[in-house]
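# Descriptive structure summary
In case you want the letters, here they are:
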2 protein chains.
Amino acid sequence: MKTAREPELRAAPHIEAIPPTIPFIGPEELMREGGHGSLLRLGANESNFGPSPSAVAAMAAELPRVCRYGDPESYDLREALAARAGCEIENICVGAGIDDLMGLAVRAFVGPGTLALATRGTYPTFAYHVTGYGGGLSTVDYRANGSIAVEALIERACALHPAIVYLANPDNPSGTFVSRPHVEALLEAMPSQSLLLLDEAYAEFAPQDVLPAGIDPRLVRMRTFSKAYGMAGARIGYAISTRRTIETFQKIRLQYGVNRNAQIGALAALQDDGYMQGVVAEVARGRDEYVRLADSLGHKSIASHTNFVCIDFGSAARAEGVVRTLMQRGVFIRKPGMPPLDGYIRVTVGTPPERVAFATHLRAVSAA
Amino acid sequence: MKTAREPELRAAPHIEAIPPTIPFIGPEELMREGGHGSLLRLGANESNFGPSPSAVAAMAAELPRVCRYGDPESYDLREALAARAGCEIENICVGAGIDDLMGLAVRAFVGPGTLALATRGTYPTFAYHVTGYGGGLSTVDYRANGSIAVEALIERACALHPAIVYLANPDNPSGTFVSRPHVEALLEAMPSQSLLLLDEAYAEFAPQDVLPAGIDPRLVRMRTFSKAYGMAGARIGYAISTRRTIETFQKIRLQYGVNRNAQIGALAALQDDGYMQGVVAEVARGRDEYVRLADSLGHKSIASHTNFVCIDFGSAARAEGVVRTLMQRGVFIRKPGMPPLDGYIRVTVGTPPERVAFATHLRAVSAA
């Protein structure tokens, strides 16, 4: 088809203003660029231990029925999640991962002329959504040791009255953790019209007794099956909040947006807690190995409550060089982009053989 | 947690204004409500023929690797789609079904103070997105016979200069089809700043020689693996447009939003065209059966180019009664909600045994 007039359609001004960059380059693109047939994938905090075998079996059995839409209510899964969280099904919204749910929160509460607040250099998809929905982002820095500067967040929130304060807890990319009393202090001190968006993607790896819990009118907690449950490719997560905030999400979410098999797999994974606990225990062993590896090479590392560890190489240039050299060897890791963590590399805890392979590569690269 | 102040957080005004209703009640909810252990599912235009066995095999083989995120670029799938469509990979955006892609288009081009245009009673998720993003919706009516009133769309578009003109083609729920010359006439006559959003969910069932084709600066075509390819539960579809419009979508889409297994299954399904063509042929036979069934009961039906048929019961009350009575018998169908089609029921073409069962139920209900 063609038409006599060929004008440029113009999107909303805040979207036109976004430069066409890619937030994260995926490992598949790195493989295409580098001509790698395979990679040691330790860069996306995927669980290389895989999903629960019972989740795989449940999904495999239902594949022939992928011709059916999934239950738009994700009823069975929400019922199971509500029973665990000690809340009602109306307090839970299931989405296609935390990225999706975070998008709903930003879309609902942030927009042109509205501010959000986060830590500079934390999980970048929050900033991506704020920009994509036309909001402004204010940031405070990590402390020098990579921990979240809760007091600075409070001070800035009280000054700016942001619509959303974002806290990844445990945090990505630092791996650090803010325990419940400090999260409660943040919530208490925040302006009354600010929402605390708590991204708990790595919560299963954190100390369970000091995790935030419960429902608060100004709190949205987001969880995922991508990390400890080993189902990143399935795209499924959930938000816990008040009935009113969940109802707001329900009004704008994609009603049929969650993969049917992801719902089935997530429910099976949830019912196989022993498998997930085994992954969490093995990840703890792997973190210790990475810390000892860093020590042995004379590098500091940050105590992590996640499935990855940040190792200090002293400068952004040096850390970038390590990431690049490892990629040339077929090892995919990432590094934090912003100070004070931009001199670190971030490596996911893989399986025992993957950790042995990584140690060999890192020793070789460090010696070079 | 609790806090001394418990204010109500308020979302954006256009979101607060949305009543908390559910666009479509899913069949699972109807089963829970009615206490049904199973349903004859002929209400959501799913392909009860299932996906290609080679797609099932490809997905089954990769399930243990669902711990990995899918390729955020959907590169392999886009490459295959571009080769078929005779365009570049940069002309294609893969999303989690047409609902997702339609949301991107509305988000980019429609907003508070902006108008969109559609046919009253067509696929309702377009209106859902327009409302959800704060836009206004103007509608024209179907013609009395259920066909799209292209001249009325042109006239209204020229009067109102909508940001988007939405056309489902073939249309849901009517099943009618607008051939290429008329789509081109619409595109040609539309105001220069209006985008034609062509929802081709059912295109595989339509006459291929008069389907719209190609790239136009003011055209977005959307396709899905939910219908003829039998993968509704996988949530995967794609948009074809100019590099510039696709780049706009890329700037705001969920980068890791498409299920990994859905990408793998879609590619395998695409490579098994024979299977899909067999489904299309069987669906054509089933449509004929439904038309004869309607005839035999003294009801008109609308000639359909999709995997469903609308059958006239003369009034909304009568059609609603048929839908309700069938549901009591464990048969799930739907009906159009708006005149002039609100006196029709809409039934999906099922497998041969399902069609026999449906005919028995409909005869019994019609005789009652």
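Given the structure is predicted, the values throughout are model-derived calculations rather than measurements.

Cut-offs used in this document
- For every chain, the first residue of its written sequence is number 1, and the numbers climb from 1 along that sequence.
- Here every chain gets a letter starting at A, and every ligand a number starting at 1, in the order they are written.
- Local features in this predicted model are restricted to residues of pLDDT 70 or higher, and side-chain atom pairs are both shown and tallied only at a pLDDT of 80 or more, whereas totals for entire chains, interfaces and linings draw on every residue.
- Values of pLDDT, which run from 0 to 100, indicate the predictor's confidence residue by residue.
- By the convention adopted here, residues are in contact when the distance between their C-beta atoms, placed from the backbone, does not exceed 7 Å.
- In this description a helix means any DSSP run of H or I spanning at least four residues, a strand means any run of E spanning at least two, and both kinds are numbered starting from the N terminus.
- Amino acids are sorted into nonpolar (Ala, Val, Leu, Ile, Met, Phe, Trp, Tyr, Cys and Pro), charged (Asp, Glu, Lys and Arg) and polar (every other residue, Gly among them).
- Think of a nonpolar core as buried Ala, Val, Leu, Ile, Met, Phe, Trp, Tyr and Cys residues, each tied to the set through C-beta atoms within 7 Å.
- Field definition: a residue is buried when 20 or more other C-beta atoms are found within 10 Å of its C-beta, exposed when 12 or fewer are, and partly exposed for counts in between, with C-beta atoms placed from the backbone.
- Alignment of the copies relies on least squares applied to C-alpha atoms, considering only residues that score at least 70 for pLDDT in both.
- These domain limits were set by an automatic method or by a database of domain assignments.
- Each axis is a line fitted through C-alpha atoms, taken for helices only over the stretch in contact, and angles between the N-to-C directions span 0 to 180 degrees.
- Angle categories are assigned with fixed cut-offs, so that under 35 degrees is roughly parallel, over 145 is roughly antiparallel, 65 to 115 is roughly perpendicular, and the rest are oblique.
- Note: crossing handedness is left-handed where the near helix turns anticlockwise from the far helix by less than a right angle, and right-handed where it turns clockwise.
- Two strands qualify as a pair provided DSSP detects at least 2 bridges between them.

Per-residue confidence for chain A gives a mean pLDDT of 95; residues scoring 70 or more make up 98%. At the level of chain-chain contacts, confidence expressed as ipTM amounts to 0.96, with global pTM at 0.97.

Tallying the contact residues gives 81 residues for chain A and 81 residues for chain B. Sorting the residues of the side of chain A that touches chain B by element identifies α2 (27–34), α3 (53–62), α5 (98–109), α8 (180–189), α9 (243–252) and α10 (260–270) of chain A as the ones contributing at least two each. Counting residues per element, the side of chain A that touches chain B draws most heavily on α9(A), at seven residues. Of the residues belonging to the side of chain A that touches chain B, the class tally is 37 nonpolar, 21 polar and 23 charged.

In terms of nonpolar packing, the biggest core is built from 236 residues, with A:Ile164, A:Met231, B:Ile164 and B:Met231 touching the most fellow members. Those residues in contact with B:Ile164 that lie beyond four places of it in its chain are B:Ala105, B:Val106, B:Phe109, B:Val110, B:Ala116, B:Ser194, B:Leu195 and B:Leu197.

To continue, consider the relation of the copies chain A and chain B. Rotating chain A by 180 degrees and moving it 0.0 Å along the rotation axis overlays it on chain B with an RMSD of 0.0 Å. Both chain copies can therefore be described as sitting about a two-fold axis. Closest approach to the rotation axis within chain A is made by the C-alpha atom of A:Ala60, at a distance of 2.9 Å.

With that out of the way, let us pick up the domain arrangement of chain A. Residues and elements named next belong to chain A. Per the domain assignment, the segments making up chain A are domain 1 (24–50 + 274–367) and domain 2 (53–271). Each partner contributes residues to the interface: domain 1 has 23 residues there, and domain 2 has 23 residues. Counting only elements with at least two residues in the side of domain 1 that touches domain 2, the list comes to α11 (273–296) and β9 (308–312). Along the lines of polarity and charge, the residues of the side of domain 1 that touches domain 2 split into 13 nonpolar, eight polar and two charged.

Okay, the packing of helix α4 (residues 75–85) of chain B against helix α10 (residues 260–270) of chain B next. All names here are of chain B. Contact geometry of α4 with α10 gives a least axis separation of 9 Å together with a crossing angle of 25 degrees. Here α4 is positioned roughly parallel relative to α10, judged by the angle of their axes. The two elements α4 and α10 cross, and the hand of that crossing is left-handed. Facing α4, whose interface residues are Asp76, Leu77 and Ala80, α10 presents Gln263, Ala266, Leu267 and Leu270. For the contact of α4 with α10, the class distribution of residues is five nonpolar, one polar and one charged.

Residues and elements named next belong to chain B. Here helix α5 (residues 98–109) crosses helix α6 (residues 125–132) at 40 degrees, and the two axes come no closer than 9 Å. In terms of orientation, α5 lies oblique with respect to α6. The interaxial crossing formed by α5 with α6 has right-handed handedness. Packed against α5, whose contacting residues are Asp99, Met102, Gly103 and Val106, the element α6 presents Thr125, Phe126, His129 and Val130 at the interface. When the residues that make up the contact of α5 with α6 are grouped by side-chain class, the tally is four nonpolar, three polar and one charged.

Let's shift gears to helix α9 (residues 243–252) of chain B. Given 3.6 residues to a turn, an α-helix orients residues that are three or four positions apart in the same direction. Turning to α9(B), its buried residues number three or more, namely B:Thr245, B:Ile246, B:Thr248, B:Phe249, B:Lys251 and B:Ile252. Close packing links the buried residues of α9(B) with α1 (13–16) and α6 (125–132) of chain A together with β2 (92–95), α5, β7 (219–224) and β8 (237–240) of chain B.

All names here are of chain A. If you trace the backbone, Glu247 turns up in helix α9. On the basis of neighbour counts, which here come to 15 C-beta atoms within 10 Å, the residue Glu247 falls in the partly exposed class. Taking the C-alpha atoms as reference points, Glu247 and Lys335, 88 residues apart in sequence, are found 37 Å from one another.

Residue and element names in this part refer to chain A. Each neighbour pair has its own omega, and for Asn169 with Pro170 the value is -5 degrees, a cis peptide bond. Following the sequence through the fold, Pro170 ends up in the loop between β5 (164–168) and α8. Cis geometry marks the peptide bond from Pro339 to Pro340, where omega comes out at 10 degrees. Mapped onto the elements, Pro340 comes out in the loop between β10 (331–332) and β11 (344–348). Even without being a glycine, Asn45 presents a positive backbone phi close to 55 degrees. Positionally, Asn45 belongs in the loop between β1 (40–41) and α3. On the neighbour-count criterion, Asn45 (23 C-beta atoms within 10 Å) is buried. Located in the positive-phi region is His161, a residue other than glycine, with phi close to 50 degrees.

Moving on, we get to the sheet that holds strand β4 (residues 136–140) of chain B. Residue and element names in this part refer to chain B. The mixed open sheet is built from seven strands, whose spatial order is β2-β8-β7-β6-β5-β3-β4. At either margin of the open sheet sits one strand with a lone partner, and together these are β2 and β4. With direction set aside, neighbouring strand axes in the sheet form an average angle of 20 degrees. The pairing of strand β5 (residues 164–168) with strand β6 (residues 195–199) spans five bridges and is parallel. In the strand pairing of β6, Leu167 is matched with Leu198.

Residue and element names in this part refer to chain A. Taken together, the seven strands give an open sheet; going across it, the order is β2-β8-β7-β6-β5-β3-β4, and neighbouring strands pair in mixed fashion. Since the sheet does not close on itself, it has two edges, and those belong to β2 (92–95) and β4 (136–140), each with one partner. Looking at each pair of strands side by side, their axes are set apart by 20 degrees on average, direction ignored. Across the sheet, helix α4 (residues 75–85) is in contact with β2 and β8 (237–240); its angle to β2 comes to roughly 130 degrees. Here α6 sits on the sheet in contact with β3 (115–119), β4 and β5, set at roughly 165 degrees to β3.

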